[in-house]
Amino acid sequence: MRLALGFVFAAFVCGCVPSGDDKKPDVGPTNNVDPARGADPLRNAQAAADDPLGESVAKVVYLDQGWSPSDSLRFYFTAQGSQIIPYDWFLALEQADSSTPFRDAKNMLRFRYLPQSPGPQNLDGLPVGFVADKGVDRSWLGLTCAACHTTEIHHEGTAYRIDGGPTMGDVSGMLSALIESMQKTHDDTPKFDRFAAKVLGTRDTPSARALLKLQVEESIKTRIGYNTRNFPGYDPTQPAPSPTHYGRLDALGAIVNEVYHHAAKEGAPPTSRPANAPVSYPFLWDTPTQNLVQWVGLENGGPFGILSLARNVGEVIGVFGGLEIPPSPTKFGYSSTVRISALRDIEDWVKTLKPPKWPAAFPPIDTAAAALGKTIYQNRCASCHPLIETGNVAKLDDAKTDRATWDNFFVPRRPSGKLEGAFENVVNVTSFAKIGAQADAPTMVRNAVIGAIVGGWKEPPPDELSLIAFQPRLFKAAAPGGGPPPATYKARPLDGIWATAPYLHNGSVANLDDLLKPAGQRLKSFSVGTRTFDPVRVGFRTDAPGFPKLDVTAPGSSNVGHDGATYGADLTDDDRHRLLEYLKTL
């Protein structure tokens, strides 16, 4: 059985959400411009003409994915309640070793974030997915869904930007460098003077500077705490490492760690566990209509989209969203920065996103081989990976791949802190179960997500909530002596799969050609972070100079599984070519 992270609060969603942004402040002019008028046909995309990693391109083009320029731009820059550091600080912050702004396009390209020119929704020209998120007292630098779910594929000097595709970004590397820059700003007098003059402007007085320095010091502690909890090996006493974690993140581990962190009692020992099971960022097209999401297969959809909303609320909590769990939690929920109505809007927009089609400028598809490959797909692949047109349903499959992601989420139990004794579901609709002194991640995340949703309402839950059937499915461990249950991961439709390398849930297989080979014949290391496309093997360049290598023998990075005759590993070279050509057509 599986956990449902979403929970049936349909009465709230359809009848009781305020028309505004759920008691959260307006986002402000940087993000609140109507994009329907005057949107740049190229979405203000900036070509990386001087890429510090040597993958410069002359132009950016978009494929037809069913979105207008205004659709893309609102996806890029709609705030969701993420708060990293004050926004004006980010604009003023310099790189640690120079006076060049941290947000300089070349610096952000080092972390593989996509550069943008200024536009009505992005007045300061920040990269895709970086946004001004207005809080109670100030605007914050936040991340949007697009930071992790927009990508580029480079071919012959052109960048093909893919909306909803898995980012190559290295968020841990970026945040580590950000902390180093903040520390240098705090410690270096000339650097701090320049920073303070920009941040304070006409309010620049000795007392204001003294307060600003204290605020920077506290913010550094907050950011170090997040990195320490969620990025194994992070050491704030050492220089920020070069980016190496391109295209992968243990986002689920971060969500879990942040929930336990917010639930911890004051003075209690840390409850975080290593978020050491990084996965590839899932692609988004067709996600809103799937029955399962996340690699571990959490339920999606539900009445009025409440399961989808819950999944997105959990994402914001893990990505710098504020959550306040009181010492004695009640049925009235928790205060949070999560923008409920914005998340619902984003989910609606993604429903119209289509998978990208193989570009006409790429080497042409061998149509005769693809026709034969379609038969192979129907016989070998379609039972686990139905196409969108035949029924967009994901399923769980034990493909014998790396267990780390699954085990980390479902197995451990930790102290529940302030949530001990609270109703598991916050509001006791049909389940009166309470959280014990130790609780697993599904229970804790479920409580936090429900609490944030309920806490977004201005009034207590309406009476009609009690009329709704409410029975979340919970994970059950194997019987004693029966061994560990299979680590089942989601298998989904493969439309647009050509644009989503590397492969398997943990991004441990470089290209589709390798994926269709026996596990022993796959590459044991390959370049990560490169955007140079290999249209023959269908993936990115595996030997790109200057890029780090992924070692698939490292814990959590195994590339075994999805192997054997069931998964096509016994195909002849000719049949593998035919199947690859067909996959390009999806």
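Throughout what follows, the structure given in this document is the object of discussion. Sequence positions are assigned chain by chain, starting from 1 and proceeding in written order. Where totals are concerned, whole chains, interfaces and linings use all residues; where local detail is concerned, this predicted model gives features only for residues with pLDDT of at least 70, and gives and counts side-chain atom pairs only at 80 or more. The side-chain values count all of the structure's non-hydrogen atoms but skip hydrogen atoms and water molecules.

**A closer look at the pairing of strand S5 (residues 158-163)**
Argument step 1. Among the 6 residues in S5, 6 count as buried, and that is most of the element.
Argument step 2. For two strands to be treated as a pair, DSSP must find no fewer than two bridges joining them. Numbered from the N terminus, helices here are DSSP runs of H or I no shorter than four residues, and strands are runs of E no shorter than two. Two elements, strand S1 (residues 59-62) and S5, share 4 bridges in a ladder whose sense is parallel. By the bridge assignment, Val61 is partnered in S5 with Tyr160.
Argument step 3. Here strand S4 (residues 150-155) runs beside S5; their pairing, made up of 6 bridges, is antiparallel. By the bridge assignment for S5, Thr151 is matched with Ile162. Each residue's exposure class comes from its accessible area (1.4 Å probe, protein chains only) as a fraction of the maximum for that residue type: buried when under 20%, exposed when over 50%, partly exposed otherwise.

**Re the side chain of Asn227**
Argument step 1. Residue placement: Asn227 occurs in helix H8 (residues 206-230).
Argument step 2. Given the relative accessible area of 0%, Asn227 is considered buried.
Argument step 3. Distance and chemistry together define a polar contact, namely a pair of N or O atoms within 3.5 Å, with one atom able to donate a hydrogen and the other to accept it when in protein, and with adjacent residues in sequence counting only for side-chain atoms on both sides. A distance of 3.4 Å separates a polar atom in the side chain of Asn227 from a polar atom in the side chain of Ser176.

**Looking at the packing of aromatic side chains**
Argument step 1. Pairing of aromatic rings covers Phe, Tyr and Trp, the last counted by its six-membered ring, and requires centre-to-centre distances within 6.5 Å; plane angles under 30 degrees mean stacked, over 60 mean edge-to-face, and any other angle means tilted. A full pass over the atoms with the stated rule returns 22 aromatic pairs.
Argument step 2. Between Trp89 and Phe195, the aromatic rings sit 6.1 Å apart at their centres with planes inclined by 75 degrees, giving edge-to-face as the arrangement. Of this pair, Trp89 sits in helix H3 (residues 87-92) while Phe195 sits in helix H7 (residues 189-200), placing them 106 residues apart in sequence.
Argument step 3. Each ring, one from Trp358 and one from Trp498, has its centre 5.4 Å from the other, and the planes form 70 degrees; the classification is edge-to-face. Note that Trp358 is positioned in the loop between helix H11 (340-350) and helix H12 (367-380) and Trp498 in the loop between strand S15 (489-491) and helix H15 (512-515), a separation of 140 residues in sequence. Across the pair, Trp498 and Trp358 agree in class, each one buried.
Argument step 4. In this structure, Lys213 is placed above the aromatic ring of Phe192, and the distance from its NZ or CZ to the ring centre is 4.7 Å. Any Lys NZ or Arg CZ that is within 6 Å of a ring centre and within 35 degrees of that ring's normal is treated as a charge sitting over the ring.

**Comments concerning the packing of helix H9 (residues 251-263) against helix H10 (residues 306-318)**
Argument step 1. As a rule, the C-alpha atoms of each element are fitted with a line to give its axis, helices using only the stretch in contact, and angles between N-to-C directions run from 0 to 180 degrees. Taken N-terminus to C-terminus, the directions of H9 and H10 make an angle of 75 degrees; their axes are 8 Å apart at the nearest point. As judged from the angle between their axes, H9 and H10 are roughly perpendicular. Here Ala254, Ile255, Glu258, Val259 and His262 of H9 come into contact with H10, specifically with Gly314, Glu315, Ile317 and Gly318.
Argument step 2. Among the residues forming the contact of H9 with H10, the class breakdown is 4 nonpolar, 3 polar and 2 charged. In what follows, roughly perpendicular refers to angles from 65 to 115 degrees, roughly parallel to angles under 35, roughly antiparallel to angles over 145, and oblique to any angle outside these ranges. A contact between two residues is defined here by any heavy atoms of the two lying within 4.5 Å. The nonpolar class holds Ala, Val, Leu, Ile, Met, Phe, Trp, Tyr, Cys and Pro. Asp, Glu, Lys and Arg form the charged class, and all remaining residues, Gly among them, are polar.

**Quick look at empty space enclosed by the protein**
Unfilled space is identified by rolling a water-sized probe across the atoms.
Argument step 1. As defined here, a cavity is a set of points on a 1 Å grid over the protein atoms alone where a 1.4 Å probe fits but cannot get out. A pocket is an open set with protein on both sides within 12 Å along at least five of seven lines, and residues line them when an atom is within 4 Å of a point. Grid points are joined across faces, edges and corners, and a volume is the space filled by probe spheres set on the points. Considering all chains together, one arrives at 5 cavities of 30 Å³ or more under this definition.
Argument step 2. Put simply, the largest cavity is a space of about 700 Å³.
Argument step 3. Mapped by element, the contributors of at least two residues to the lining of the largest cavity are helix H5 (145-148), H9, strand S7 (279-280), H10 and H11.
Argument step 4. Here the lining of the largest cavity is composed, by residue class, of 25 nonpolar, 8 polar and 6 charged.

**Some details on the sheet that holds S4**
Argument step 1. Taken together, the 3 strands give an open sheet; going across it, the order is S1-S5-S4, and neighbouring strands pair in mixed fashion. Each end of this open sheet is capped by a strand with a single partner; those strands are S1 and S4. For this sheet, the mean inter-axis angle between neighbouring strands, taken without regard to orientation, is 30 degrees.
Argument step 2. Packed on one face of the sheet, helix H2 (residues 69-77) meets S1, S4 and S5 and runs near 75 degrees to S5.

**Observations concerning the pairing of strand S2 (residues 130-134)**
Argument step 1. With 4 of 5 residues buried, S2 lies mostly within the body of the structure.
Argument step 2. Note: S2 against strand S3 (residues 139-143), 5 bridges, orientation antiparallel. Opposite Lys134, over in S3, you have Ser139 as the bridge partner.
Argument step 3. Taken together, S2 and the strand that follows it, S3, pair antiparallel across an intervening segment of 4 residues.

Keep in mind these numbers describe shape, not what the thing actually does.
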